[in-house]
Amino acid sequence: MGDMMSFIKKIALIVILSLVACTAVSGEDSMDELVKVKINDKVFDVKLENNSATQELIKTLEKGNVTVNAKEYGGFEKVGDLGFSLPTTDENMGTQPGDIVLYQGNQISLFYGSHSWSYTKLGKIDNVDSNNLKEVLGSGDVTLEFSLK
């Protein structure tokens, strides 16, 4: 009976260690990194995707904030030159309000409407509805300031 209890304890320990190891590995694969984007005087949280572009963006933001002068485009997005390039993993996708994507490796697009094209997704603004976002962005050009949390 003692051998059986020892065996069960060893199995339980193996299961617990396996769960801890799986949690640690999955934590590396998913990016729960948040950055801030300031639009006019409103600040929003952006939950980032886990890709080479966002990893490089974070390295850049560690050196200081990134400001993008974004212009109105197409009645569904604001787009502006990043001032530097990031690695791309473009894929055809449909965007939704709040999506932030990399276009042509050196431009940031923030969507307040929907569109389909080939982009590298950077992230999405958390907890904002499309009407509020459209109101904050306004009808003309806008300055987007990205920073670390």
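Shown above is the structure to which this text applies.
Since we're looking at a predicted model, the values are computed, not measured.

The rules behind each value
Residues numbered from 1 in each chain as written. Predicted model: local features only at pLDDT ≥ 70, side-chain atom pairs only at ≥ 80, totals over all residues. Heavy atoms only, no water. Phe/Tyr/Trp six-rings, centres within 6.5 Å; stacked < 30°, edge-to-face > 60°. Helix = DSSP H or I, 4+ residues; strand = E, 2+ residues; numbered from the N terminus. Buried < 20%, exposed > 50% of the residue type's maximum accessible area, 1.4 Å probe, protein only. Arc of directions from axis to C-beta. Contact = heavy atoms within 4.5 Å. Polar contact = N/O pair within 3.5 Å; in protein donor to acceptor, adjacent residues only side chain to side chain. Core = buried A, V, L, I, M, F, W, Y, C linked by side-chain atoms within 4.5 Å. Salt bridge = Lys/Arg side-chain N within 4 Å of Asp/Glu carboxyl O.

What am I meant to see in the packing of aromatic side chains here?
The relative placement of two aromatic rings is captured by the distance of their centres and the angle of their planes. Per the stated rule, a full pass over the model turns up 4 aromatic pairs. A centroid spacing of 6.2 Å and a plane angle of 5° characterise the contact between Phe76 and Phe111, whose relative ring orientation is stacked. Placement of the pair is Phe76 in the loop between strand E3 (66-73) and strand E4 (77-81) and Phe111 in strand E7 (residues 107-111), with a sequence separation of 35 residues. Each member of the pair, Phe76 together with Phe111, is buried.

Mind showing me how you'd approach helix H2 (residues 52-61) here?
Every α-helix winds through 3.6 residues per turn, so residues three or four apart in the chain are directed the same way. Considered for burial, the residues of H2 that qualify are Ala53, Thr54, Leu57, Ile58 and Leu61. Along the axis of H2, the buried positions cluster into a sector of 135°, meaning they face one direction only. Here the buried face of H2 lies against strand E1 (34-39), strand E2 (42-48), E3, strand E6 (99-103), strand E8 (115-125) and strand E9 (142-148). At the N-terminal end of H2, a side-chain oxygen is found 3.1 Å from the backbone nitrogen of Ala53, two or three residues along, and the residue is Asn51.

Is there a simple way to explain the side chain of Asp99 in this structure?
One can find Asp99 in strand E6. With residues near it in sequence (within four places) discarded, Asp99 still touches Gly94, Ser109, Leu110, Phe111, Lys121, Gly123 and Lys124.

Explain helix H3 (residues 130-137) to me, please; I cannot follow it from the model alone.
Residues Leu133, Val136 and Leu137 constitute the buried set of H3. Taken down its axis, H3 places every buried residue within 95° of arc, on the same side. Turned more than 90 degrees away from the buried face of H3, the exposed residues are Asn131 and Glu135. In the core, the buried residues of H3 are packed alongside E1, E2, E4, E7, E8 and E9. Of the residues one or two after H3, Gly138 is the one with positive phi, at around 70°.

What exactly am I supposed to notice about the nonpolar core here?
Soluble, globular proteins show a tendency: their nonpolar side chains are buried together. Ranked by internal contacts, the top residues of the largest apolar core, which has 29 residues, are Val37, Ile39, Ile100, Ile125, Leu137, Leu144 and Phe146. The element best represented in this core is H2, accounting for 4 residues. The contact partners of Val37, leaving out residues within four places of it in the chain, are Lys42, Val43, Phe44, Val46, Ile125, Leu144, Glu145 and Phe146. In terms of nonpolar packing, the next biggest core, distinct from the first, is built from 5 residues, Phe76, Val101, Phe111 and Tyr119 among them.

Would you take a moment to explain the pattern of salt bridges for this structure?
Side-chain pairing between opposite charges can occur once the charged atoms of the two side chains come close. All told, the structure shown has 6 salt bridges when counted by the stated rule. For the salt bridge of Asp45 with Lys36, the shortest nitrogen-to-oxygen distance reads 2.6 Å. A relative accessible area of 24% places Asp45 in the partly exposed class. Across the pair Asp99 and Lys124 runs a salt bridge whose closest N-O atoms are separated by 3.2 Å.

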